[in-house]
Amino acid sequence: MDIGVSTAISSDSVDVAVLAKKAESLGFESFWLPEHTIVPVHTNTKYAGNADGSIPPSMADMGDPLIGLARASAVTEKIKLGTAISLVPEHNPLIQAKQIATLDRLSNGRFIFGIGAGWLAEETEIMGGDFEHRWGQTREAILAMKELWTKDEAEFHGRYYDFPLVKSSPKPVQKPHPPVFLGGYAPNVFKRVAAWGDGWMPIRVTPEQVKMGRAAIDELAEVAGRDPKSIRVMVCSVPPERDTIMRLEEAGADRVTLSLPRDMGDKVLTELEAMAEKVLS
């Protein structure tokens, strides 16, 4: 079982380079950063994580994950670096493909592209996304990026993105491209993973849900002519408990991530050490 750690860059957080280097030295397999580009002041969308639906202020104080991971890559050598998650409909795929290819080269092939389509309708729409059809838009963006990553001359013609033959280099170190992990637990997520993803990364799910998801992905992958073993399952925001991690592994998970609290000052490094002691030693 691979065990990673996730956190967020905020106005008061410890330097992400310090955190990533510490995580690597303690033996964590991967390091993950989330994304919210902006948070509208007035919204009708409710946040499922709070009983009253209010959006936590911390979501508006979140640094750019690719810049943070680029900084982390400069002080680490082995730890995987991933987005958990990148909100794909909020980006131009030609620009994001370039950013990711560059980061993959700078990190010598350590980037994992964890993606989602977003839940905050107002944010998505302000950033140019089609919220009602956000997964269709996300699929197009990923397919366009794969063309850019794998071909010397790439073109794409879709509903949301349309460009003629273009050249885009450098290419990623990982071949054919960095792995793409899809977040969420919506009914169609397993179809999407089997069709154009490399992994599934749900958050706060039970071992029973992981087992059902793993079985669904395996079945759909075989129908699609893919090797089910090539698709990985990663569970996000897992408590730092050996028993919980073991049960998730038995259910079919290949990787878990532990959530590291932010805005603790230097105490966050002590917390990281404590987490490592619980699950890695």
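Position labels on residues start from 1 in each chain and follow its written sequence. The predicted nature of this model means local features are confined to residues of pLDDT at least 70 and side-chain atom pairs, given and counted, to a pLDDT of 80 or more, with totals for whole chains, interfaces and linings taken over all residues. With hydrogens and water set aside, each side-chain value is computed from the structure's full complement of heavy atoms.

**Student:** What exactly am I supposed to notice about helix H7 (residues 207–223) here?
**Tutor:** Since the α-helix packs 3.6 residues into each turn, any two residues three or four apart lie on the same face. Only runs of H or I of at least four residues qualify as helices and only runs of E of at least two qualify as strands under DSSP, and these elements are numbered from the N terminus. Given a helix with a known number of residues, its expected span is that number minus one, times 1.5 Å. Here H7 spans 25 Å end to end across 17 residues, near enough to the 24 Å set by a 1.5 Å rise per residue. For each residue, the accessible area found with a 1.4 Å probe, counting protein chains only, is set against the maximum for its type, and the residue is called buried under 20%, exposed over 50%, and partly exposed in between. The set of residues buried in H7 consists of Pro207, Val210, Gly213, Arg214, Ile217 and Ala221. Considered in projection along H7, the buried side chains sweep an arc of 115° and stay on one side of the axis. In H7, the exposed positions angled more than 90 degrees off the buried face are occupied by Glu208, Lys211, Met212, Glu219, Glu222 and Val223. What makes two residues a contact is simply this: any of their non-hydrogen atoms within 4.5 Å. In this structure, the buried residues of H7 make contact with helix H6 (189–196), strand E9 (199–201), strand E10 (232–235) and helix H8 (242–251). Looking one or two residues beyond H7, the residue adopting positive phi is Gly225, at roughly 80°. Within this analysis, the arc is defined by the directions that extend from the helix axis to the C-beta atoms.

**Student:** Would you take a moment to explain the pairing of strand E1 (residues 2–6) for this structure?
**Tutor:** In terms of residue burial, E1 counts as a mostly covered element, since four of its five residues are buried. The pairing criterion is simple: DSSP has to find at least two bridges between the two strands. Across five bridges, E1 lies against strand E11 (residues 255–259) in parallel orientation. Residue pairing across strands places Asp2 opposite Arg255, the latter belonging to E11. Both E1 and strand E2 (residues 30–33) contribute to a ladder of three bridges, which runs parallel.

**Student:** Help me out: how do you make sense of the pattern of salt bridges in this one?
**Tutor:** Side-chain pairing between opposite charges can occur once the charged atoms of the two side chains come close. Any carboxyl oxygen of Asp or Glu that lies within 4 Å of a side-chain nitrogen of Lys or Arg is treated as forming a salt bridge with it. Tallied over the full model, the rule gives nine salt bridges. Here Asp2 ties to Arg232 by a salt bridge, and the two come within 3.0 Å at their closest N and O atoms. Taken together, the residues span a long stretch of sequence, with Asp2 in strand E1 and Arg232 in strand E10 at a distance of 230 residues. Under the relative-accessibility criterion, Asp2 is labelled partly exposed at 25%. Among the residues examined, Arg232 registers a relative accessible area of 26% and is labelled partly exposed.

**Student:** Looking at this model, I keep getting lost on the nonpolar core. Mind explaining?
**Tutor:** Considering soluble globular proteins, one finds that nonpolar side chains tend to be buried as a cluster. Ranked by size, the top nonpolar core spans 62 residues in total, and within it Phe28, Phe31, Phe113 and Met145 carry the most contacts. The dominant element in this core, judged by the number of residues it contributes, is helix H5 (residues 134–150), at seven residues. With residues near it in sequence (within four places) discarded, Phe31 still touches Val5, Thr7, Val16, Leu19, Ala20, Ala23, Leu69, Ile79, Lys80, Leu81 and Gly82. Only buried residues count toward a nonpolar core, which is a set of Ala, Val, Leu, Ile, Met, Phe, Trp, Tyr and Cys residues joined through side-chain atoms within 4.5 Å.

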